[in-house]
Amino acid sequence: MLPPTPSLATSIGPVLETLSIVGTFVFAASGALAAARLQQTLVTFAFFALVTGVGGGTVRDLLIGAPVFWVVDAVPAMACMSAAVIVWFTPRRWWSDRALDWLDAIGLAAFAVFGAAKALSFGVPPFVAGMMGVVTGCVGGIMRDLLAGEPSILLRPELYVTAAAFASGLFVALRWIGLDVPVAGLIAATLGFALRAMAIARGLGLPLYRQPAD
Amino acid sequence: MLPPTPSLATSIGPVLETLSIVGTFVFAASGALAAARLQQTLVTFAFFALVTGVGGGTVRDLLIGAPVFWVVDAVPAMACMSAAVIVWFTPRRWWSDRALDWLDAIGLAAFAVFGAAKALSFGVPPFVAGMMGVVTGCVGGIMRDLLAGEPSILLRPELYVTAAAFASGLFVALRWIGLDVPVAGLIAATLGFALRAMAIARGLGLPLYRQPAD
Amino acid sequence: MLPPTPSLATSIGPVLETLSIVGTFVFAASGALAAARLQQTLVTFAFFALVTGVGGGTVRDLLIGAPVFWVVDAVPAMACMSAAVIVWFTPRRWWSDRALDWLDAIGLAAFAVFGAAKALSFGVPPFVAGMMGVVTGCVGGIMRDLLAGEPSILLRPELYVTAAAFASGLFVALRWIGLDVPVAGLIAATLGFALRAMAIARGLGLPLYRQPAD
């Protein structure tokens, strides 16, 4: 019913797998912090952490027809629960918005590349596989903002979805010209992180749509 | 394409199956009442009833790789439509917030236990199966609140997700120590309901996160 | 892993297939326009276009256990990207709310009938297949409104979900009495469009729920 996919770690590479767990933990922490801003209970911390940490990968797995990664393996869910508990018990000042933005940037780049790699390994066309990377990187944060009633991360002025699309698209392109998964993954994740880093550090953004509505 | 799962009723037991239909109806009624507060049409009543009644079980089935229960069998969808029609035609005072809270508490406990039981029967690891119970119990209400633009049930001060987590986790624990499904189910659902009942009657809640943001 | 369904086009008919692509493009454009109202970037235009264009069909495919249509075939996703780019580069006055309502009406009727037809072809019970048409027609717009933080299309006073339900239910009924797919599809889509057209032109609506809350 829920066949394991043992070859996936091998085919995607341990580097990406590790980044994926780091990304899950970091996103989960950002979910728990949203619950902290709303002065919620530990159980709500856990719920927000889970949805934010695994939301993007869940939608990706459902779309590509893969067994949902955190349902067949309890490790990612435990990582989310750990993030919730750690955020609950540690001082709030450890988790500044600024620090979180940087951790989130790591998660975003890692998830975007991992999502594209997994989609390609399931036979998804390259154009769509690139989109699966964006979904993996961005959907958890979107769900977190919807649940918390906060303005969506989608609507932030500085680059966010774009950095995910860049990392994901670059990985697909590098695979297409023949690079191995670990090499393509490291290059794409690093450059995607760099782009997001410039957005955080300098407020780098794309041009906005400026036509009046008449 | 959509294989029936005939052994499920047997393995989970008729008590839980019955509670699941009751839960669907009650949640559907709470969805229809959200539409009533917004002074909507009968069709919108039906849509809200469906989403609220089957939303949690749908997400659970997608996550565990089961055929979606209300797509292979028309009965749950008909129960939702009935709830919408009944709420539309009966006097509003029959459906006080207080009465609804109590019905909702039954649905929550029933869904949490049923969701965990179904997940276990599909081979999901126990830790994750407990979470599937929470998803089954809580996601329909979350979707209802998102659609209606109301503050999420997640953010209520008194115990809600916690009661679902308690019922679901207790069921998994009782199964693990060897109790039969019907016995474990009845104990877990009853105690989960009792916890939620104390929350309704006395405003019982978990401690809230109180650290200032600096 | 993602088996193609080559017989689907044949069994549903080229008319419906064409309407489905038109519907995807039109809904995608309405998503891009929501991004334009929020003065977003081209990347956000693309994200909104994708979610709105394929959201309803995605939920339908997940529910009925079909491979997700735009993941196995890159054409619908490309149609969404095209809609985003076209809305970005063309003058805003080409895309009046009024013009969009009419295009949206075409998409709604086409999607409702296509969704019901696809569900029937996957062996879903007729009562539920009718609901799948409504999901296909309405969920993309609901997701667009949630992402954009706008009041949901569900809550508009004039007929919307009702028109989808009418088209979808009529198609199922016509199939049940023995009409061929293309004939039943054209009749149901045309009359569904006509109902929505009356709602747009004359503000036609269903009676609203008017009981006071006491």
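As the structure is a prediction and not an experimental result, all values here were calculated from the model.

Caption draft 1: Quick look at the relation of the copies chain A and chain B. Once turned by 120 degrees and shifted 0.0 Å along the axis, chain A lies on chain B with an RMSD of 0.0 Å. On the angle and the small slide along the axis, the relation comes out as a three-fold axis. For chain A, the minimum C-alpha distance to the rotation axis belongs to Leu-62 of chain A and amounts to 4.3 Å. In this assembly the copies use different faces: only 6% of the residues contributing to the interface of chain A also contribute to that of chain B.

Caption draft 2: Inspection of the interface of chain A and chain C at higher detail. Listed as interface residues are 28 residues of chain A and, on the opposing side, 31 residues of chain C. Summing both sides of the interface, chain A and chain C together bury roughly 2700 Å²; the carbon and sulfur share of this comes to 73%. In terms of surface lost to chain C, no three residues of chain A exceed Leu-63, Leu-155 and Tyr-209 of chain A, which account for 26% of the buried area on that side. Where chain A packs against chain C, one counts 0 salt bridges. Our enumeration of links across chain A and chain C arrives at 1 residue pair in polar contact (both at pLDDT 80 or more). Put simply, the parts of the chain that give the side of chain A that touches chain C at least two residues each are α3 (42-64), α7 (126-148) and α8 (161-176) of chain A. Ranked by residues supplied to the side of chain A that touches chain C, first place goes to α7 of chain A with 7 residues.

Caption draft 3: Molecular detail of the packing of helix α6 (residues 97-121) of chain B against helix α7 (residues 126-148) of chain B. Residues and elements named next belong to chain B. Contact geometry of α6 with α7 gives a least axis separation of 7 Å together with a crossing angle of 140 degrees. Between α6 and α7, the interaxial angle falls into the category oblique. Seen from above, α6 lies across α7 with right-handed handedness. In this structure, α6 contributes Asp-104, Leu-108, Phe-111, Ala-112, Gly-115, Ala-116, Ala-119 and Leu-120 to the contact, and α7 contributes Pro-126, Ala-129, Met-132, Gly-133, Thr-136, Gly-137, Cys-138 and Arg-144. Tallied by class, the residues present in the contact of α6 with α7 amount to 10 nonpolar, 4 polar and 2 charged.

Caption draft 4: Looking closely at empty space enclosed by the protein. In the structure shown here, the tally under the stated rule is 7 cavities of 30 Å³ or more. Computed from the structure, the largest cavity encloses a volume of approximately 1600 Å³. As for the largest cavity, its lining consists of 48 residues, of which Val-59 and Met-143 of chain A, Met-143 of chain B together with Val-59 and Met-143 of chain C are closest to the centre. Partitioning the lining of the largest cavity into residue classes produces 42 nonpolar, 6 polar and no charged.

Caption draft 5: Representation of the pattern of salt bridges within the structure. Under the counting rule described, the total for this entry stands at 12 salt bridges over all chains. Where Arg-37 of chain C meets Glu-150 of chain C, a salt bridge forms, and the shortest distance between an N and an O atom there is 3.1 Å. Placement of the pair is Arg-37 of chain C in helix α2 (residues 14-37) and Glu-150 of chain C in the loop between α7 (126-148) and α8 (161-176), with a sequence separation of 113 residues. Judged by its relative accessible area of 25%, Glu-150 of chain C falls in the partly exposed class. Taken together, the shared-partner salt bridges in this structure form one network comprising Arg-60, Asp-61 and Lys-118 of chain A.

Caption draft 6: Highlighting the interface of chain A and chain B. Between chain A and chain B, the contact holds 31 residues from the first and 29 residues from the second. Summed over both sides, the interface of chain A with chain B buries roughly 2700 Å², with 73% coming from carbon and sulfur. Counting the surface chain A buries against chain B, the share from its top three residues, Gln-39, Phe-47 and Arg-92 of chain A, is 22%. Seen at the junction of chain A and chain B, the total is 0 salt bridges. The interface formed by chain A and chain B contains 1 residue pair in polar contact (both at pLDDT 80 or more). With 8 residues, α3 of chain A is the single largest residue contributor to the side of chain A that touches chain B. A per-class count over the side of chain A that touches chain B returns 23 nonpolar, 6 polar and 2 charged.

Caption draft 7: Region of the structure containing helix α6 (residues 97-121) of chain A. Taking 1.5 Å as the rise per residue, α6 of chain A with 25 residues should run 36 Å; its terminal C-alpha atoms sit 35 Å apart, in good agreement. Looking at the residues trailing α6 of chain A, positive phi occurs at Gly-123 of chain A, about 85 degrees.

Caption draft 8: Quick look at the packing of aromatic side chains. Following the criterion strictly, the structure yields 15 aromatic pairs over all chains and no others. Judged by centre distance (5.7 Å) and plane angle (55 degrees), the rings of Tyr-209 of chain A and Trp-88 of chain C are tilted. With Tyr-209 of chain A in the segment after α9 (181-202) and Trp-88 of chain C in helix α5 (residues 75-89), the pair connects residues from two separate chains. Here Tyr-209 of chain A matches Trp-88 of chain C in class, with each residue buried.

Caption draft 9: Main features of the UniProt feature "transmembrane region" (unreviewed entry) in chain A. Residue and element names in this part refer to chain A. When the UniProt feature table is mapped to this numbering, "transmembrane region" (unreviewed entry) covers residues 12-35, 42-63, 69-90, 102-121, 159-177 and 183-201. Between the C-alpha atoms that bound residues 42-63 the distance is 31 Å, and the span itself is 100% helix and 0% strand. Along residues 159-177, the helical share is 84% and the strand share 0%, with 27 Å between the first and last C-alpha atoms.

Caption draft 10: Molecular detail of helix α3 (residues 42-64) of chain C. Residues and elements named next belong to chain C. Relative to the 33 Å expected for 23 residues at 1.5 Å per residue, α3 spans 33 Å between its end C-alpha atoms, a close match to the ideal helical length. If you look at α3, its biggest bend is around 50 degrees, right at Val-54. Along α3, 21 of the 23 residues are buried, which leaves the element largely enclosed by surrounding structure. Gly-65, located one to two residues past α3, shows a positive phi value of around 80 degrees.

Caption draft 11: Representation of the nonpolar core within the structure. Trp-70 of chain A, Trp-70 of chain B together with Trp-70 of chain C are the most contacted members of the largest nonpolar core, which has 219 residues in total. Ignoring anything within four residues of it in the chain, the contact list for Trp-70 of chain B reads Leu-50, Val-54, Thr-58, Pro-76 and Ala-77 of chain B together with Leu-63, Val-128, Met-131 and Met-132 of chain C.

Rules behind the numbers
Residues numbered from 1 in each chain as written. Chains lettered and ligands numbered in written order. Predicted model: local features only at pLDDT ≥ 70, side-chain atom pairs only at ≥ 80, totals over all residues. Heavy atoms only, no water. Least-squares fit on C-alpha atoms with pLDDT ≥ 70 in both. Contact = heavy atoms within 4.5 Å. Buried area = accessible area lost by both parts, 1.4 Å probe. Salt bridge = Lys/Arg side-chain N within 4 Å of Asp/Glu carboxyl O. Polar contact = N/O pair within 3.5 Å; in protein donor to acceptor, adjacent residues only side chain to side chain. Helix = DSSP H or I, 4+ residues; strand = E, 2+ residues; numbered from the N terminus. Axes fitted to C-alpha atoms, helices over the stretch in contact; angles between N-to-C directions. Parallel < 35°, antiparallel > 145°, perpendicular 65-115°, else oblique. Left-handed = near helix turned anticlockwise from the far one by under 90°. Nonpolar A, V, L, I, M, F, W, Y, C, P; charged D, E, K, R; others polar. 1 Å grid on protein atoms, 1.4 Å probe; cavity = no way out; pocket = protein on both sides within 12 Å on 5 of 7 lines; lining within 4 Å. Points joined across faces, edges and corners; volume = space filled by probe spheres on them. Buried < 20%, exposed > 50% of the residue type's maximum accessible area, 1.4 Å probe, protein only. Expected span 1.5 Å × (residues − 1). Phe/Tyr/Trp six-rings, centres within 6.5 Å; stacked < 30°, edge-to-face > 60°. UniProt positions renumbered as here; feature names shortened; annotations may be inferred. Bend = angle between axes of the 7 residues up to and from the residue. Core = buried A, V, L, I, M, F, W, Y, C linked by side-chain atoms within 4.5 Å.

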